[in-house]
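Observations on the model geometry
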Amino acid sequence: MAMYREKRFEQIKKLLDEKQELSIEDIMQAVGVSRDTARRDIVALDAAGAGRRTRGGIVSLTFGHTIPSYSERQKLFSAEKAAMAREALKLIQPGGVYFIDDSTTLLKLSQSITVPVTIYTHSLDNAIALAVRPEVTLRLLGGNLNHHARFFYSVAGLQALSQVHFDAAFIGATAVNADGLFFAYENDAQIKGTVAKTAKKVVVVAEAQKFGTDATYRGFELNAIDTLISDTAILPEQKNWFDENTDLIVAIP
């Protein structure tokens, strides 16, 4: 039994090195154990310094210290992110004008739109997904391409965004703390800040693990958020960061 447990731990640690984050369900599926056993394994791995326990799973010790590339984040796509995209889709209405951010969760939203709308985006991948939807009027912002995060930026594009009164802006967070939403790139943060000012409704999608992590550039303060969609309920002290009128939605996979 002890040997089996050691082999199981090695397999979990190898998978954690690859994915950087694992849910209880990931561990159950990967090593064929029950939910209770997966929880006990997480506790043991955390105690051994092999990872950091989170609500619902475990992350690597370096998670949150570096910003993974867009392609790396796509590999981490989960049922929880799919559920968050479905909640966001409920806010899309025919005939609306929307901004959709460069986020793997919001890429799933872009892929799911089937009604006539106008979409502005600076995301290369969103544009590719929406280009095959004849019912969607696509407005892709041009400029220089950030190959790491796969978004475009130009001063002209930023000015164009400032002139649009969006029905809603869907924004993915890199990091969330009491001071606001933060991002890895200054020009990307400028885009988020601009659309947050012009949109009638600001919808942020952020996994609970984004709370308390660090990124360099602030996009906007939390009181600008009308709706927050997360994968699990945030902590009571984190709820206090938000305006009492902010709609806090937990997506159920």
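Moving on to the sheet that holds strand S2 (residues 52–54). The strands making up a sheet are joined through hydrogen bonds of the backbone, oriented either antiparallel or parallel. Read across the sheet, 3 strands follow the order S1-S3-S2 without closing on themselves; strand pairing throughout is antiparallel. In this open sheet, the two strands that pair with only one neighbour each are strand S1 (21–23) and S2. Adjacent strand axes in the sheet meet at a mean angle of 20 degrees when their direction is disregarded. As paired strands, S1 and strand S3 (residues 57–59) are joined by 3 bridges and run antiparallel to one another. The partner of Ser23 across the bridge, within S3, is Gly57. Contacts from helix H2 (residues 24–31) reach S1 and S3, with the element oriented near 85 degrees to S1.

With that settled, consider the confidence of the model for the protein. For the protein, per-residue confidence averages 88 on the pLDDT scale, and residues scoring 70 or more make up 92% of the total. The low-confidence segment residues 64–77, where pLDDT is below 50, has 31 contacts with residues more than four positions distant or belonging to other chains.

All right, on to the packing of H2 against helix H3 (residues 35–47) then. At a minimum axis separation of 9 Å, H2 and H3 run at an interaxial angle of 105 degrees. Of the possible angle classes, the one that applies to H2 and H3 is roughly perpendicular. Facing H2, whose interface residues are Ile24, Glu25, Ile27 and Met28, H3 presents Arg35, Ala38, Arg39 and Ile42. Considered class by class, the residues forming the contact of H2 with H3 number 5 nonpolar, no polar and 3 charged.

The biggest cluster of nonpolar side chains holds 31 residues, and the ones touching the most others in it are Ile171, Leu181 and Val204. If one sorts the elements of this core by residue count, helix H9 (residues 186–198) sits on top with 4 residues. When neighbours within four sequence positions are excluded, Val204 is seen to be in contact with Ile171, Ala173, Leu181, Phe220, Ile225, Thr227, Leu228 and Ile229. Among the nonpolar cores identified, the runner-up in size contains 20 residues, and Leu106, Leu130, Ala168 and Val203 belong to it.

When helix H6 (residues 104–112) is considered as a whole, its buried residues turn out to be Thr104, Thr105, Leu106, Leu107, Leu109 and Ser110. Two or three places before Thr105, at the opening of H6, Ser103 has a side-chain oxygen 3.2 Å from that residue's backbone nitrogen.

Per the stated rule, a full pass over the model turns up 6 aromatic pairs. With a centroid separation of 5.9 Å and an interplanar angle of 50 degrees, the aromatic rings of Tyr98 and Phe170 are classed as tilted. Residue Tyr98 is found in strand S4 (residues 97–100), and its partner Phe170 is found in strand S9 (residues 168–172); the two are separated by 72 residues along the sequence. Comparing Tyr98 with Phe170 shows no difference in burial state: the two are buried. Measuring from ring centre to ring centre gives 6.3 Å for Phe211 and Phe242, while their planes differ by 55 degrees; the resulting arrangement is tilted. Residue Phe211 is found in the loop between strand S12 (202–205) and strand S13 (217–220), and its partner Phe242 is found in the loop between helix H10 (236–239) and strand S15 (247–250); the two are separated by 31 residues along the sequence. Judged by its relative accessible area of 8%, Phe242 falls in the buried class. The lysine or arginine in question, Lys192, covers the ring of Phe183, its NZ or CZ lying 4.7 Å from the ring centre.

Counting buried positions over the 5 residues of strand S5 (residues 117–121) gives 5, a clear majority of the element. Residues Val117, Ile119 and Thr121 of S5 are buried on one face, and the alternating residues Thr118 and Tyr120, pointing to the opposite face, are buried as well. For S4 and S5, the ladder comprises 3 bridges, and the chain directions are parallel. Looking across to S5, one finds that Val97 is bridged to Thr118. Assessed by its sense of winding, the connection that carries the chain from S4 through H6 to S5 is right-handed. With 5 bridges connecting them, S5 and strand S6 (residues 136–140) associate as parallel partners. Within S6, the position partnered with Tyr120 by the bridge is Arg139. Taken together, S5, helix H7 (residues 124–130) and S6 form a β-α-β motif whose crossover is right-handed.

What counts as what
Residues numbered from 1 in each chain as written. Predicted model: local features only at pLDDT ≥ 70, side-chain atom pairs only at ≥ 80, totals over all residues. Heavy atoms only, no water. Pairing = 2+ DSSP bridges. Helix = DSSP H or I, 4+ residues; strand = E, 2+ residues; numbered from the N terminus. Axes fitted to C-alpha atoms, helices over the stretch in contact; angles between N-to-C directions. Contact = heavy atoms within 4.5 Å. pLDDT = per-residue confidence, 0-100. Parallel < 35°, antiparallel > 145°, perpendicular 65-115°, else oblique. Nonpolar A, V, L, I, M, F, W, Y, C, P; charged D, E, K, R; others polar. Core = buried A, V, L, I, M, F, W, Y, C linked by side-chain atoms within 4.5 Å. Buried < 20%, exposed > 50% of the residue type's maximum accessible area, 1.4 Å probe, protein only. Polar contact = N/O pair within 3.5 Å; in protein donor to acceptor, adjacent residues only side chain to side chain. Phe/Tyr/Trp six-rings, centres within 6.5 Å; stacked < 30°, edge-to-face > 60°. Lys NZ or Arg CZ within 6 Å of the ring centre and 35° of its normal. Right-handed = clockwise from strand over helix to strand, strands pointing away.

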